[in-house]
Amino acid sequence: MRENPMIRLERFKPELLNGTVPSKIDEFLRAVSRGFHESVLDAQDLVLLARLGINDNSTFTAIYDDSAVVPSLHARAPVATYAGFGGTLNIGAGTLVPVHQITSVTVSPTHRRRGLLRLMITQDLAIARRSGFAFAALTASEATIYGRFGFGRATQRVRFSLKTEPAPAMRVETEGRIVAIEPSELKSLAPGIHAAAHQRTTGSIAVSEFEVGQAAGHWEDFDSLKPPSNLRAALHLDPEGTPDGFMSYTFSGWKASPPTMEIGQLCAASGAARRELIAYLGTHDLIEKVTGRGPLDDAFPSALQDARAYTIEAMGDHLWLRILDVPSALAARGYRCDGRIRLCVRDELGLAEGTWDLVVAHGVGTTSPAPSDAVPDASIHVRDLASLYLGGFSAAHLAEAGVLRIHAPDALARIEAMFATTVIPYCQAEF
């Protein structure tokens, strides 16, 4: 980006002053809403979003064009927005690590292709690394934007449909029981269930206050921050009567064909909770279809007498991961077998650039910079290292795609064996 003295970047914290939203926060939140083509925010919406940002300990980044004059919106409003906050990421075997989460990224159509996103994201990632984060993460509305900044596809998910006419028959016995509840009960119940699911799910990001409020029916989504009129909920209890799963859902309406139950959130701390919650919707009278989101390797169809009743309607990426500190990241995860590999990591932003010696002993990895004249066993871009890291994409897959370059004869076999995982990562969180 060419230096432009009229382009000004500011980083600031959300706040409320005597219960009202200051003008800078007001304009920032409205700019984010415009960027995602959402409904116009009213005063109550603005207070809610500011409070959520405060509770998440978010940092807002805004870019202003000081050359803009009235009647342009940008005489006062930012031309680009960006927000970050801390959370945790499950990197496998229940290991939760700090992650820098990125959201609210917008650039006004009037200011595209001026390097504004690069300005915001490069500064923010450098600050996150200096603050001790080994990882950054986001969910991308557009798939072509973030790879150039070192983010790689880390988890995928599917949208499925289940034919429920006739009601689906299960191959396995019921282990728990379902109780219908008011969605408002999830305000207190959802956080504990989310925490248990987060602990057992590789690729999971810790739940936000927004998602808890959404499940509880406090608001519909960012486009409608008012309570939905038709939300329902169900709770799964394990054999001891302990809540271990919940689901919020809506009926599509009688004008939809076929009549459908649509799952909003489904969070389960056990396989039984997930399959029994979905099956519960299939027992509703007059309903012919259930839709929802799930993991790439969803076990639910294997529990059906007729697995063809379950259909994947769409599949796509969800969580994008960025490794900021290679030694810390590689030391944090566990490994299936011992071994050593010398890996050249390319990173145009310089945060993870280098050739690294990874030595794994007793499943624990230690990483150190390789000698300056060392020849690597393999080369990989930092975005593809992120795809390999959680196990969502194997070394063989990345090598076949040509993005993992092998220089030593047995390097692919060593990487494949060391980084192999027993599960496909899945992230439910939206942010």
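Our subject is the structure listed above.
Residues numbered from 1 in each chain as written. Predicted model: local features only at pLDDT ≥ 70, side-chain atom pairs only at ≥ 80, totals over all residues. Heavy atoms only, no water.

J.: How should I be thinking about the overall build of the chain in this particular structure?
T.: Helix and strand counts for the chain stand at 10 helices and 19 strands. Against the compact-globule benchmark of 22 Å for 431 residues, the chain has a radius of gyration of 23 Å, which places it among compact chains. Principal-axis analysis of the C-alpha atoms gives the chain an extent of 70 × 65 × 35 Å. Relative to its 431 residues, the chain shows a buried fraction of 51%. For the chain, long-range pairs separated by at least 24 residues make up 71% of all intrachain contacts whose partners lie at least 6 apart in sequence. A total accessible area of about 20000 Å² is found for the chain, and carbon and sulfur atoms account for 51% of it. (Helix = DSSP H or I, 4+ residues; strand = E, 2+ residues; numbered from the N terminus. Rg over C-alpha atoms; globule rule 2.2 N^0.38 Å. Buried < 20%, exposed > 50% of the residue type's maximum accessible area, 1.4 Å probe, protein only. Contact = heavy atoms within 4.5 Å. Areas by Shrake-Rupley, 256 points an atom, 1.4 Å probe, with all protein chains shown as cover.)

J.: Quick question: what am I supposed to make of the sheet that holds strand 14 (residues 319–323) here?
T.: Each strand in a sheet pairs with another by means of backbone hydrogen bonds, the pair being arranged parallel or else antiparallel. Spatially, 1-2-3-4-5-14-6 is the arrangement adopted by the seven strands of the open sheet, whose pairing is mixed. Two strands bound the open sheet, and with one partner strand each, they are strand 1 (7–12) and strand 6 (152–153). Of the strand pairs in this sheet, strand 2 (residues 59–65) and strand 3 (residues 80–90) are connected by five bridges, and their pairing is antiparallel. Note on strand 3: the bridge partner recorded for Ala62 is Thr81. Sheet strands touched by helix 1 (residues 23–35): strand 1, strand 2, strand 3 and strand 4 (96–107). Its angle to strand 2, the strand with the most contacts, is close to 85 degrees. (Pairing = 2+ DSSP bridges. Axes fitted to C-alpha atoms, helices over the stretch in contact; angles between N-to-C directions.)

J.: Where do I start with the packing of aromatic side chains in this structure?
T.: Aromatic rings considered in pairs are described by the distance between their centres and by the relative angle of their planes. One pass over the full model with this rule turns up 11 aromatic pairs. Centre to centre, the rings of Phe12 and Phe28 are 5.9 Å apart; their planes meet at 80 degrees, and the pair counts as edge-to-face. One end of the pair, Phe12, is in strand 1; the other, Phe28, is in helix 1, and 16 residues separate them in sequence. Here the two residues Phe12 and Phe28 agree in accessibility, since each one is buried. On the numbers, 5.5 Å between centres and 85 degrees between planes, the contact of Tyr335 with Phe419 is edge-to-face. (Phe/Tyr/Trp six-rings, centres within 6.5 Å; stacked < 30°, edge-to-face > 60°.)

J.: How should I be thinking about the packing of helix 1 against helix 2 (residues 43–55) in this particular structure?
T.: The description of two helices packed together rests on the angle between their axes and the distance between the axes. At a closest axis distance of 10 Å, the pairing of helix 1 and helix 2 adopts a crossing angle of 95 degrees. By the angle between their directions, the pair helix 1 and helix 2 is classed as roughly perpendicular. Residues Ile25, Asp26, Leu29 and Arg30 of helix 1 touch helix 2, and the partners they reach there are Leu46, Leu49 and Ala50. Tallied by class, the residues present in the contact of helix 1 with helix 2 amount to five nonpolar, no polar and two charged. (Parallel < 35°, antiparallel > 145°, perpendicular 65-115°, else oblique. Nonpolar A, V, L, I, M, F, W, Y, C, P; charged D, E, K, R; others polar.)

J.: Could you clarify how one ought to interpret helix 10 (residues 411–419) in this entry?
T.: At 3.6 residues per turn, the α-helix brings residues three or four places apart onto the same side. Taken residue by residue, helix 10 has Ala411, Ile415, Met418 and Phe419 as its buried positions. For helix 10, the arc enclosing every buried residue in end-on projection is 85 degrees, short of the 170-degree limit, so these residues lie on one face. (Arc of directions from axis to C-beta.)

J.: What am I meant to see in the nonpolar core here?
T.: Nonpolar side chains tend to gather and get buried jointly when the protein is soluble and globular. Leu89, Phe135, Ile205, Leu321, Tyr389 and Ile415 are the most contacted members of the largest nonpolar core, which has 44 residues in total. Of all the elements, helix 8 (residues 382–389) adds the most residues to this core, at five residues. Among residues more than four places away in sequence, those in contact with Leu89 are Thr95, Leu96, Val97, Val99, Phe135, His198, Gly203, Ser204, Ile205, Leu319 and Leu321. (Core = buried A, V, L, I, M, F, W, Y, C linked by side-chain atoms within 4.5 Å.)

J.: What is the right way to look at helix 4 (residues 186–200) in this model?
T.: Here helix 4 contains 15 residues, and its C-alpha end-to-end distance of 20 Å stays within 8% of the 21 Å for a straight helix at 1.5 Å per residue. Listing the buried residues of helix 4 in full gives Leu186, Ala190, Ile193, His194, Ala197 and His198. One face of helix 4 carries all of its buried residues, which in axial projection span an arc of 140 degrees. (Expected span 1.5 Å × (residues − 1).)

J.: Looking at this structure, I do not really get the pairing of strand 10 (residues 243–251). What am I missing?
T.: On any regular strand, side chains alternate: one points to one face of the sheet, the next to the other face. The buried fraction of strand 10 is high, at eight of nine residues. With six bridges connecting them, strand 9 (residues 232–237) and strand 10 associate as antiparallel partners. Opposite Arg232, over in strand 10, you have Tyr249 as the bridge partner. Of the strand pairs in this sheet, strand 10 and strand 11 (residues 260–268) are connected by seven bridges, and their pairing is antiparallel. Bridged to Ser248 within strand 11 is Gln265.

J.: Sorry, what's going on with the pattern of salt bridges here?
T.: Two side chains bearing opposite charge may form a pair once their charged atoms approach each other closely. Taken as a whole, this structure holds 18 salt bridges when the rule is applied. Its salt-bridge partner being Asp26, residue Arg30 comes within 2.6 Å of it at the nearest N-O pair. Within this pair, Arg30 and its partner Asp26 are both found in helix 1, separated by four residues, close to a single helical turn. Relative accessible area serves as the criterion here: at 25%, Arg30 is assigned to the partly exposed category. Overall, the relative accessible area of 18% leaves Asp26 in the buried class. Ionic contacts of the salt-bridge type, sharing partners, join the residues Arg8, Glu10, Lys24 and Asp66 into one network. (Salt bridge = Lys/Arg side-chain N within 4 Å of Asp/Glu carboxyl O.)

J.: Is there a simple way to explain the environment of Val212 in this structure?
T.: Within the element layout of this structure, Val212 appears in helix 5 (residues 209–215). On the basis of relative accessible area, Val212 is assigned to the buried category, the value being 7%. Each C-alpha atom of the pair Val212 and Ala234 lies 14 Å from the other, and the pair is 22 residues apart in sequence. The contacts of Val212, once residues within four sequence positions are left out, are Leu186, Lys187, Ala190, Pro191, His194 and Val207.

J.: In this structure, what is going on with the sheet that holds strand 7 (residues 156–163)? I would like to understand it.
T.: Read across the sheet, seven strands follow the order 8-9-10-11-12-7-13 without closing on themselves; strand pairing throughout is mixed. Across the chains shown, the open sheet's two edge strands, defined by having one partner strand only, are strand 8 (177–181) and strand 13 (310–317). Pairs of neighbouring strands in the sheet enclose a mean axial angle of 25 degrees, with direction left out of account. Seen against the sheet, helix 4 touches strand 8, strand 9, strand 10 and strand 11 and runs at an angle of roughly 115 degrees to strand 10. Sitting on the sheet, helix 6 (residues 271–282) is in contact with strand 7, strand 8, strand 9, strand 10, strand 11 and strand 12 (289–295), with an inclination near 30 degrees to strand 10.

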